[in-house]
Amino acid sequence: MDERVSDLFGSGNGHGSGSQASNFKPGNGYGVAPKKPKNSKKSKARFSRNFKPSNNTPFLPPEAEEGNIEYKLKLVNPTQYRFEHLATQMKWRLQEGRGEAVYQIGVEDNGMLVGLSEDDMRASLKTLHKLAEKVGADITVLRQREVDYDADEPRKIAEVLIRKVPDDQQFLDLRVAVLGNVDSGKSTLLGVLTQGELDNGRGRARLNLFRHLHEIQTGRTSSISFEILGFNSKGEVVNYSESRTAEEICESASKMITFIDLAGHHKYLKTTIFGLTSYCPDFAMLVVSANTGIAGTTREHLGLAMALKVPIFIVISKVDLCTRATVERTVRQLERVLKQPGCNKVPMVVSSTDDAVTAAQQFAQSPNITPIFTVSSVSGESLDLLKVFFNIIPPLSNSKEQEELMQQLTEFQVDEIYTVPEVGTVVGGTLYSGICREGDHLIVGPTDSGHFHKLTVGSIQRNRSGCRVLRAGQAATLALGNFDRSLLRKGMVMVSPEMDPTICWMFEAEIVLLFHAKTFHKGFQVTVHIGNVRQTATVEAVYGKEELRTGEKAVVLFKFIKHPEYLKVGAKVLFREGVTKGIGHVTKLQPIAQYLPSQSEDDEA
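Figured I'd write up the structure that's included with this text. (Residues numbered from 1 in each chain as written. Predicted model: local features only at pLDDT ≥ 70, side-chain atom pairs only at ≥ 80, totals over all residues. Heavy atoms only, no water.)

1. Focus on the environment of alanine 509
Tracing the backbone through its elements, the reader meets alanine 509 in strand 23 (residues 503-515). Alanine 509 gets classed as buried once you look at its relative accessible area, which sits at 0%. In the structure, alanine 509 is positioned 79 residues away from lysine 588 in sequence and 6.9 Å away in space, judged by C-alpha atoms. Excluding residues that lie within four positions of it along the chain, alanine 509 makes contacts with Ala554, Val555, Val556, Phe558, Val573, His585, Val586 and Thr587. (Helix = DSSP H or I, 4+ residues; strand = E, 2+ residues; numbered from the N terminus. Buried < 20%, exposed > 50% of the residue type's maximum accessible area, 1.4 Å probe, protein only. Contact = heavy atoms within 4.5 Å.)

2. Side note on the sheet that holds strand 1 (residues 69-72)
A sheet is described by the order of its strands in space; here four strands give the open sequence 1-2-4-3, paired in mixed fashion. With partners counted over all chains shown, the strands left at the sheet margins are strand 1 and strand 3 (137-147), one partner each. When the angles between neighbouring strand axes are averaged without regard to direction, this sheet yields 20°. Inspection of the sheet shows strand 1 paired to strand 2 (residues 100-105) by four bridges, in the parallel sense. Within the sheet, the bridge partner assigned to isoleucine 69 lies in strand 2 and is valine 102. Of the strands in this sheet, strand 1, strand 2, strand 3 and strand 4 (155-164) touch helix 3 (residues 80-96), which is tilted by about 130° from strand 2. Lying on the sheet, helix 11 (residues 353-365) is in contact with strand 1, strand 2, strand 3 and strand 4; it crosses strand 3 at an angle near 110°. (Pairing = 2+ DSSP bridges. Axes fitted to C-alpha atoms, helices over the stretch in contact; angles between N-to-C directions.)

3. Remarks on helix 4 (residues 118-134)
Helix length check: helix 4, at 17 residues, gives a terminal C-alpha distance of 25 Å against a target of 24 Å (1.5 Å per residue), a fit within 8%. Taken together, the buried positions of helix 4 are occupied by Met121, Ser124, Leu125, Thr127, Leu128, Leu131 and Ala132. The buried residues of helix 4 occupy one face: seen down the axis, they fall within an arc of 160°. Exposed side of helix 4, more than 90 degrees from the buried face: Asp119, Arg122, Lys126 and Glu133 are the residues found there. Directly after helix 4, the chain includes glycine 136, whose backbone phi takes a positive value near 80°. (Expected span 1.5 Å × (residues − 1). Arc of directions from axis to C-beta.)

4. Examining the layout of surface pockets
If you add up the space inside the second largest pocket, you get close to 790 Å³. Taken together, 28 residues form the lining of the second largest pocket, with Gly303, Met306, Ala307, Leu514 and Ile583 sitting closest to its centre. At the level of elements, helix 9 (298-307), strand 23, strand 30 (572-577) and strand 31 (580-591) are the ones that each hand at least two residues to the lining of the second largest pocket. The element that contributes the greatest number of residues to the lining of the second largest pocket is helix 9, accounting for seven residues. Here the residues of the lining of the second largest pocket are counted per class, giving 15 nonpolar, six polar and seven charged. (1 Å grid on protein atoms, 1.4 Å probe; cavity = no way out; pocket = protein on both sides within 12 Å on 5 of 7 lines; lining within 4 Å. Points joined across faces, edges and corners; volume = space filled by probe spheres on them. Nonpolar A, V, L, I, M, F, W, Y, C, P; charged D, E, K, R; others polar.)

5. Some details on the pattern of salt bridges
Summed over all chains, the structure comprises 19 salt bridges. A salt bridge links arginine 122 to aspartate 119; the shortest N-O distance between them is 3.4 Å. Of the two residues, arginine 122 and aspartate 119 are both situated in helix 4; the distance of three residues between them amounts to about one turn of the helix. Assessed through its relative accessible area of 54%, aspartate 119 is described here as exposed. (Salt bridge = Lys/Arg side-chain N within 4 Å of Asp/Glu carboxyl O.)

This is the structure:
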């Protein structure tokens, strides 16, 4: 593991701006994770005359050319030319972070924490505010810290979040899948975060999230529901406590967290897996009850997120019901599980605002780090730290990757199908690639016979508010007018007519058998999950082996039982049947043309 990350956990509890340099070891995660160094000749020449670096001078990783993090030594009274240059630089950093950037003030380009006097820091923040105004953004000082160099006057460094509404009015949208055992408090926590009111201890906060009568009666989620939490450009929470509708939240938010509330009960496991594979969450939030600890499906949900490579953080709920010792026992239990060779995670308990800022930045940079929050939905304890974390957490993909996806042909995964009065057929899902506009002509399929139907996109809605253009990676609902709903099913795709989609009954996948009671062999039937595809398939062949046992790898040929599907090489495969479980990826497709019966065969039949 990176030494900087281990240092972070050796010194991870700096509280506020008064922390001295003894707490502030080299690369302790104050700003960013290691990145590609910039040419730092100019930075060496620009040192303050009074500043003499000593042997124990703390450093950050060198500044990177790419990314949304910028180091600035000081910004005092820049000339007009310099001001324009700085504004252009800020636009670039905001574009890299898809509307968000982090500035470290008082830091050299090579990562040395020089610090500024009180007057210089005030002047630098004032200049930064003017720059942000010029590019249409707002600034929030995340934290300030003193760096102690035995100097005559104290020197400070500051970390500032700059956020703007992107130029096309498309807010930054991150999807968080909510996992955890039944009765761990997932829906209640989401209700408190999105409604802005604490729970009464008897489940009032979760009532707004339930979609079915039996969920209200039992208090257990059985379907996938979506909830939104917004943050405006100043980093303030925007939720239903002040806004009546989702549309109002979308209008005033620059950043949106969409929570995918998944079922915790084992009998709804297929729904939970479908939510994790088809909705492409950016992160997963595992909720663990403080009084029961790791119980029921908790380990299974943790394993699912890790198998699908979804970065995970943990929220320990219901801390108001337990003594401090019980909460600490649950934290230790989680730390033990996370450090096991199978997980290989680095737990980080968040106990202050400073920790929350560090956790958000390190979590996005390093997949091994797992922040742990201890909260209560009844007393509200530490909920503000969770909100700070959500406010700062950056998107995983940068603007370049987003652009590349948008330039590809349109591909929309169908996850939900509804009939809405006076609107007609509506499909919900995620735009995997390309751009989708109102009035676009697409084809949808495959049908049971492997064909596609033509359709026209009517209106588009994101987070229950109207939207003219849908971009790659965004989830939305599309109205299809009077298109026959019976022709649609979950697992279909809507693609550009120019695309030649690969439809197959059979495919090969390289798999690892995670668990099986006896042996896994030809003729075995499993439920296969690939993206939004969920169907039973038969094992047609296990190459190179007669049978597979737990922990063994092999290339397996699967055949779908009910209808052909649209698949891609490289897609993650997850399969299960009872307690049998396995993961892998698609290595080869056998297109449908090979299976369509010829005319002569039809005649013989």
